[in-house]
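Results of the structural survey
Residues per chain are reported as follows:
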Amino acid sequence: MKAKKILIISHNPISLKQNNGKTLKSFLNDIPPQNIAQIYINGDYIDYDSCNIFFKINELGIIKKSFIKKTNIGSVYENKGTDIKINYANNKKNNLINNKSIGIRNTARNLSKRPFVEIIRSFFWKRAKPIDDVLLRKFLDDFNPDVILYQTSNIAGYSDFVLNVKKYTNSELVLTITDDYLTRKYNFSIFDYYRTRELNKKYEECIKESKAVFVIGNKMMEEYRKKFPEGKYYIAMNTYDKTISSKEYKPKKNRFQILFAGNLGLSRWKTLVSLGKVLDSISTDFSIELKICSLSNIDCKIKRSFEKIRCINFIGALDGDELRKEKENSDMLLHVESFNKKDKIVTRLSISTKIYEYINSNRCILAIGPSDVASIEYIKDNNLGYVLCSKKYNEWSAGLKNIIGNTNLLYKYIDNCRKFSVQHHDSKKNIKKIQNIIIGDGELEKK
């Protein structure tokens, strides 16, 4: 395989913790870190094992540069041969600041996803012309990429930036789409109409300019192929390293632990609260614990909601080894999606990275969510776990009573996952296919 240089442009950095970061990391396994660089906008953890040099863009710097052209838009972080990993989330001072401002930050994050605010953000990205930033140009000149891997975003101005970087570096472009941002959430909002119209135009431009578009599954590929027929679409499933051993499942007497490890956003926390109430109502013969592990900084409202549920134990963020131990101590691994219509618009075509990890964890999967969301469909259609698609809590209660403590049924789903993984989740084969199309040394098999 040729030693081409790959520049990643994404919202989040390559990561062992955050979902989009995990997707990027899985695509680039076995590529030397000196052949990878990244431009990203948000995130606290820099994974120097996968990449040697990062350029972090500060959106406040983007706003300032819109008015003062000499303003720097970001900073470079580089691995100079040390073993140091920068993890701002674990810095005590920053933790103190975060704990004091979680509510404000979460409110700002929610506001930033409003159509009007997304339009404003896009306006500043276009006005700032970040490609003209002196430090960024030096970063691009020094690295001199051959291929840009762009993890698409909900801001039209980001796509403008990517196309400008492609032109400046004369690089090939590959897109990876993990979520659907192109469908309108608010049918009667003029701002949402304008936002989705502009974003669709930019996606079309990027797709025309790209040599390949990676999508997360069949459902997404079918829809995007109809919308943008010029694209060369490939299904690129996330991969999981099977060499990481997972202990065989051994049930425990009078104790049952369910683990959720993932993002609480898009109202998933509400589904967890509803599940917790149902579990509290049925936990008579068994001691049932619902452990929730998430990188999310939860605000007071969510925290209070969790604390009211007897079985819920929120344990926050865990590193890789800690999370592996929690999985091994669990009887069931949980995936949830929101039943809210606006949240479904974003998640309906996506398959969470953690599902691929769950499949290889020697534990039964429990999935709760709408039947027409891709991740729930994936588990249900392939018989990979116990699925609850109804909104009726009495049906949840009956279903949970059927599965909790039912050793034969738990083992059945574990065995189904094991067989499915052998057939469809060969990490080495999937990585080779993905890298062949990114680097251009071969063709990825189309689906």
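What counts as what
Residues numbered from 1 in each chain as written. Predicted model: local features only at pLDDT ≥ 70, side-chain atom pairs only at ≥ 80, totals over all residues. Heavy atoms only, no water. Core = buried A, V, L, I, M, F, W, Y, C linked by side-chain atoms within 4.5 Å. Buried < 20%, exposed > 50% of the residue type's maximum accessible area, 1.4 Å probe, protein only. Helix = DSSP H or I, 4+ residues; strand = E, 2+ residues; numbered from the N terminus. Contact = heavy atoms within 4.5 Å. Phe/Tyr/Trp six-rings, centres within 6.5 Å; stacked < 30°, edge-to-face > 60°. Lys NZ or Arg CZ within 6 Å of the ring centre and 35° of its normal. Pairing = 2+ DSSP bridges. Axes fitted to C-alpha atoms, helices over the stretch in contact; angles between N-to-C directions.

**Looking at the nonpolar core**
Residues Leu7, Ile9, Ile39, Ile57, Phe139 and Tyr224 are the most contacted members of the largest nonpolar core, which totals 66 residues. If you tally residues by element for this core, the top one is helix H6 (residues 156-169), at six residues. In contact with phenylalanine 139, other than residues within four places in its own chain, are Leu7, Ala37, Gln38, Ile39, Ile53, Phe54, Phe55 and Val76. One finds Val278, Phe306, Cys364 and Leu410 within the second-largest nonpolar core, a separate group that totals 38 residues.

**Considerations on the environment of isoleucine 148**
Residue position: isoleucine 148 is located in strand E5 (residues 147-151). The buried category is assigned to isoleucine 148, whose relative accessible area is 0%. Separated by 23 residues in sequence, isoleucine 148 and serine 171 place their C-alpha atoms 6.4 Å apart. Not counting residues within four places of it along the chain, the set of residues in contact with isoleucine 148 comprises Leu7, Ile9, Val162, Val165, Lys166, Thr169, Ser171, Glu172, Leu173 and Val174.

**What to know about the packing of aromatic side chains**
All told, the structure shown has 17 aromatic pairs when counted by the stated rule. Relative to phenylalanine 191, the ring of phenylalanine 116 has its centre 5.0 Å away and its plane inclined at 65°; by these criteria the two rings are edge-to-face. Taken together, the residues span a long stretch of sequence, with phenylalanine 116 in helix H4 (residues 115-128) and phenylalanine 191 in helix H7 (residues 190-209) at a distance of 75 residues. A residue is classified by how much of its surface remains accessible, and phenylalanine 116, at 45% relative accessible area, is partly exposed. A relative accessible area of 40% places phenylalanine 191 in the partly exposed class. In textbook terms, an aromatic cluster arises when at least three aromatic residues are bridged by ring pairs, as seen for Phe27, Phe214 and Tyr234. Between the NZ or CZ atom of lysine 227 and the centre of the ring of tyrosine 224, over which it lies, the distance is 6.0 Å. Residue placement shows lysine 412 over the ring face of tyrosine 413; its charged tip is 5.6 Å from the ring centre.

**Description of unusual backbone geometry**
Of note, the phi angle at asparagine 254 is positive, near 55°, even though the residue is not glycine. Take asparagine 254: it is sitting in the loop between strand E8 (233-235) and strand E9 (255-261). Backbone geometry at serine 267 places phi at a positive 65°, although glycine is not the residue there.

**Side note on the sheet that holds strand E3 (residues 53-57)**
Strand order in the open sheet formed by eight strands is E4-E3-E2-E1-E5-E6-E7-E8, with mixed pairing between adjacent strands. For this open sheet the edge positions go to strand E4 (74-78) and E8, each flanked by a neighbour on one side alone. Strand-to-strand twist of the sheet, defined as the mean angle between neighbouring strand axes without regard to direction, takes the value 20°. Bridging between strand E7 (residues 212-215) and E8 involves three bridges; their strand directions are parallel. Looking across to E8, one finds that valine 215 is bridged to isoleucine 235. Here helix H5 (residues 134-143) sits on the sheet in contact with strand E1 (6-10), strand E2 (36-40), E3 and E4, set at roughly 160° to E2. Against the sheet, helix H17 (residues 427-439) touches E1, E5, strand E6 (172-177), E7 and E8, its axis set at about 150° to E7.

**Digging into the environment of glutamate 78**
Position of glutamate 78 among the secondary structure elements: in strand E4. Distance from glutamate 78 to tyrosine 48, taken between C-alpha atoms, is 8.3 Å for residues 30 residues apart in sequence. Apart from residues no more than four positions distant in its own chain, glutamate 78 is found in contact with Tyr48, Asn52 and Ile53.

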